[in-house]
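Here is what each chain is made of, one letter per residue.
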Amino acid sequence: MRAETCAMQNHPRLSFWRNLSGRYQEWNAAIASEFLGNQYSGRRVLLYVDDEKVKLIAESIHERMQDPIEDFCAAIIENLDINQTNIFNRFIWPTRRWNDNIDAGRIERDTAPPFLALLALFVLAATRMDRSETLGVNDANYYVRLRQILGLSVSESGQPGGF
């Protein structure tokens with residue numbers, strides 16, 4: 001899988017990146033390299049991203065981060081329209097353009113999707129599912145962990161607004 005870097009956002013055929021921050025693009029490219037690199041060509045891949053994996057992926061960005069997990073989460077959150085009608089507004093157009101470009105043969109089928117880091121954030125939330133007496137949740141409550149990552153109130157139940 002080809003991991004596009006933020007420098008590619010100016011490429012005329014890869015303009016689908018323009019809605020997403022450069023920091024997000026760096027994380028998306030690093031995750032694509034980790035999970036979709038040539039070593040996995042023709043093989044099924046399991047996108048498993050926990051705190052340790054985020055720290056490992058952060059090393060490939062070649063920038064010292066005080067808190068790689070915070071940096072990763074912030075890079076995704078800054079591209080979400082939290083509590084809007086659709087939390088994923090900024091991802092709709094890039095994803096459609098990515099799909100259209102693949103269908104039209106303007107980019108390779110192995111070009112990393114623009115939503116890969118977003119998906120990884122959702123997986124990270126799932127890896128944190130655990131019983132909490134303090135929060136009064138069982139170990140199957142995904143949305144409480146997602147709300148924590150997104151910096152939303154955990155006193156509200158269910159999925160975030162616009163999800």
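Predicted model only: the values in this text are computed from it and were never measured.

Q: Mind showing me how you'd approach the pattern of salt bridges here?
A: Working definition: two side chains of opposite charge can pair if their charged atoms are close together. Taken as a whole and judged by the stated rule, the model has 7 salt bridges. The salt bridge partner of Glu26 is Arg23, with a shortest N-O separation of 2.6 Å. In this pair, Glu26 and Arg23 both sit in helix α1 (residues 22–36), 3 residues apart, roughly one turn of the helix. In the salt-bridge network here, residues are joined through shared partners; they are Arg23, Glu26 and Asp71.

Q: Which parts of the structure should I look at to understand the packing of α1 against helix α3 (residues 68–77)?
A: Packed helices, taken two at a time, are described by their axes: the angle between them and the distance between them. Contact pair α1 / α3: the axes reach a minimum separation of 8 Å and the direction vectors enclose 115°. Classed by the angle they form, the pair α1 and α3 counts as roughly perpendicular. By crossing handedness, the relation of α1 to α3 is classed as left-handed. Of the residues in α3, those touching α1 at Arg23, Tyr24, Trp27 and Ile31 are Pro68, Asp71, Phe72, Ala75 and Ile76. For the contact of α1 with α3, the class distribution of residues is 7 nonpolar, no polar and 2 charged.

Q: Looking at this structure, how should I read the environment of Leu146?
A: With respect to the element layout, Leu146 can be found in helix α6 (residues 142–150). Leaving out residues up to four positions away in the same chain, Leu146 has contacts with Phe122, Ala125, Pro160 and Phe163.

Q: What's the story with α6 in this structure? I'm lost.
A: An α-helical turn contains 3.6 residues, so any two residues separated by three or four positions project in the same direction. Of all 9 residues that make up α6, 7 are buried, and the element is covered over most of its length. Among all positions of α6, only Tyr142, Val144, Arg145, Leu146, Arg147, Ile149 and Leu150 are buried. Between a side-chain oxygen at the N-terminus of α6 and the backbone nitrogen of Tyr143 the separation is 3.4 Å; the capping residue is Asn141. Two residues or fewer after α6 comes Gly151, characterised by a positive phi angle close to 75°.

Q: Help me out: how do you make sense of the packing of α1 against helix α2 (residues 51–59) in this one?
A: Interhelical geometry of α1 versus α2 gives an angle of 105° and a closest axis separation of 9 Å. Taken together, the axes of α1 and α2 are roughly perpendicular relative to one another. On α2, the residues that touch Trp27, Ala30, Ile31, Glu34 and Phe35 of α1 are Lys53, Val54, Leu56, Ile57 and Ala58. Here the residues of the contact of α1 with α2 sort into 8 nonpolar, no polar and 2 charged.

Calculation rules
Residues numbered from 1 in each chain as written. Predicted model: local features only at pLDDT ≥ 70, side-chain atom pairs only at ≥ 80, totals over all residues. Heavy atoms only, no water. Salt bridge = Lys/Arg side-chain N within 4 Å of Asp/Glu carboxyl O. Helix = DSSP H or I, 4+ residues; strand = E, 2+ residues; numbered from the N terminus. Axes fitted to C-alpha atoms, helices over the stretch in contact; angles between N-to-C directions. Parallel < 35°, antiparallel > 145°, perpendicular 65-115°, else oblique. Left-handed = near helix turned anticlockwise from the far one by under 90°. Contact = heavy atoms within 4.5 Å. Nonpolar A, V, L, I, M, F, W, Y, C, P; charged D, E, K, R; others polar. Buried < 20%, exposed > 50% of the residue type's maximum accessible area, 1.4 Å probe, protein only. Polar contact = N/O pair within 3.5 Å; in protein donor to acceptor, adjacent residues only side chain to side chain.

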